[in-house]
Amino acid sequence: MRQRLRTAAGLVAAVLPAVALVVVAAPTAAAAPNFQVPFTCGTTVTAATFSGHRPANSVDFQKPGITGMPVLASAAGTVSRVDNEGATSYGRWIEINHGGGYRTRYAHLSVQQVSVGQKVARGKQIGRAGATGGVTGPHLHYEQLVNGVARKVVLNGRAVPYYGHTSFTSRNNCGGGGNPYTPREVCGSGYSVIDSHAFGSAGRVYLLYNAGNKRNCVVTLKSTALGRKTAVSAHLQVKGGTKATDSGRYGYYAGPVSRAAPSKCVRWGGSIGSRSYTSPYEHCG
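Residues numbered from 1 in each chain as written. Predicted model: local features only at pLDDT ≥ 70, side-chain atom pairs only at ≥ 80, totals over all residues. Heavy atoms only, no water.

- As annotated in an unreviewed UniProt entry, the chain carries the name M23 family metallopeptidase and comes from Actinophytocola glycyrrhizae.

### Some thoughts on the pattern of salt bridges
And step 1. Within this structure, the stated rule accounts for 4 salt bridges.
And step 2. Here E95 makes a salt bridge to R103, at a shortest N to O gap of 2.9 Å.
And step 3. When its relative accessible area of 7% is taken as the criterion, E95 is described as buried.
And step 4. Since its relative accessible area comes to 32%, R103 is described here as partly exposed.
And step 5. Here R105 ties to E95 by a salt bridge, and the two come within 2.8 Å at their closest N and O atoms. Here R105 is found in strand β8 (residues 102-112), whereas its partner E95 is found in strand β7 (residues 92-99), with 10 residues between them in sequence. The two residues R105 and E95 agree in class, both being buried.
And step 6. Because the salt bridges share partners, they merge into one network encompassing E95, R103 and R105. (Salt bridge = Lys/Arg side-chain N within 4 Å of Asp/Glu carboxyl O. Buried < 20%, exposed > 50% of the residue type's maximum accessible area, 1.4 Å probe, protein only. Helix = DSSP H or I, 4+ residues; strand = E, 2+ residues; numbered from the N terminus.)

### Concerning the sheet that holds strand β23 (residues 275-278)
And step 1. Strands sit in the order β20-β19-β22-β23 across an open sheet of 4 strands; the sheet is antiparallel. Here the strands that pair on one side only, and so sit at the sheet edges, are β20 (243-250) and β23. Here the strands of the sheet are splayed against their neighbours by 5 degrees on average, with no regard to which way each runs. (Pairing = 2+ DSSP bridges. Axes fitted to C-alpha atoms, helices over the stretch in contact; angles between N-to-C directions.)

### Comments concerning the packing of aromatic side chains
And step 1. Applying the stated criterion across every chain yields a total of 9 aromatic pairs.
And step 2. Aromatic side chains Y106 and Y142 sit 5.5 Å apart centroid to centroid with 65 degrees between the ring planes, which places their arrangement in the edge-to-face category. Of this pair, Y106 sits in strand β8 while Y142 is found in strand β11 (residues 140-146), placing the two residues 36 residues apart along the sequence.
And step 3. Residue classification places Y106 among the buried positions, given a relative accessible area of 0%. (Phe/Tyr/Trp six-rings, centres within 6.5 Å; stacked < 30°, edge-to-face > 60°.)

### Examining unusual backbone geometry
And step 1. Along the chain, R54 connects to P55 via a cis peptide bond; the corresponding omega equals -10 degrees.
And step 2. With respect to the helices and strands, the residue P55 is situated in the loop between β3 (44-49) and β4 (59-62).
And step 3. Backbone torsion omega between Y162 and Y163 reads 0 degrees, so that peptide bond is classified as cis.
And step 4. Considering the arrangement of structural elements, one finds Y163 in the loop between β14 (158-159) and β15 (164-169).
And step 5. Positive phi, normally seen in glycine, also occurs at S89, with a value near 50 degrees.
And step 6. As for its position among the elements, S89 is in the loop between β6 (77-84) and β7.
And step 7. A positive phi angle is found at K214, which is not glycine, with a value near 60 degrees.
And step 8. With respect to the secondary-structure elements, K214 resides in the loop between β17 (203-210) and β18 (215-222).

### Re the environment of R105
And step 1. The spatial distance from the C-alpha of R105 to the C-alpha of S80 is 9.9 Å, given a sequence separation of 25 residues.
And step 2. With sequence-adjacent residues up to four places away left out, R105 is seen in contact with Y90, W93, I94, E95, H141, Y142, E143 and L145.
And step 3. Side-chain polar atoms of R105 contact the side chain of E95, separated by 2.8 Å. (Contact = heavy atoms within 4.5 Å. Polar contact = N/O pair within 3.5 Å; in protein donor to acceptor, adjacent residues only side chain to side chain.)

Spelled out as C-alpha cells, the structure:
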C-alpha cells in the first residue's frame, strides 16, 4: 500500500510507503502501598484540601505548633530527591520512590534528615515540619503521585475529602512491628484486650471483650511482611457452639471474629504462617 504526501503547495508526485501506527500503552501503576499519615503515632493533624492548590490533589497538614514536628515516611521506599528551593516554591523538600509508579513528596520542611538513594522504612523520620519556601505559615505540604501525576490522597485506606479540613490521627509506626492497625481498631468501639499470644517476631493474636454487648472478638496482627499477603488466621469458639474462623492471605491482619458469650467460656487463637495457637476454654463469664 502507498500513500501520497500532501503539502500546502499541493499534491507531491512522490509516493511514500505507508507507515504502520503503533500504539504504546501508558504505564500502569501497581497496587498502591498502604500510605500512612506522615507524623508520629497518635498525632492528630488537619488535612486541608482546597481549590486552586498546586498540584490540585495536594494536602496541607496543619496543626498548632507544627514547626519542628518529626515528619515520617508514609510508606517504605528509596529517597529519590532532596532539594532546597530557598524562599520560593517547596522550600526544603523530599521525594520518596515507593516503586510501582508511586512517589510521595514532603515540602516546606525546616530540616531534611535523609539523602538521595537512602532506603527508608515506613515510619522512618525523614525531616521536620516548618515554613520554608513560598508559604504564609508553617505546615507540611504532602503529595501522592502515580506515574508523575498527583492523585487524590489516601491515608490508611481512608480517602482524604476534597475540598475541606478533615482530622486524621496517625497510625504510622504504632508498634507491633509497624503494623498500622490496632486490635481495638479492628474489633471496633467498646472492645478491650483481655489476653494475647505472641508468634515470636511474626505477630500476635489478641482476645478482646466488649462489656456492653457481652461479645468476644479475636484478631491476629502481623509484625513482619506487612502489606504482603501471607497466611494468617483468627478463630473463636464459644463453649457448646461451633468454631468461627477467618483464614486467608492478608497483608496486615486476620479477623475480626466475634461471638456473643454471656456467662460462657471461650476457646480462641490463630496463626501466622506455620505458627499457630489455640487456648483451652477460658475467660468464662
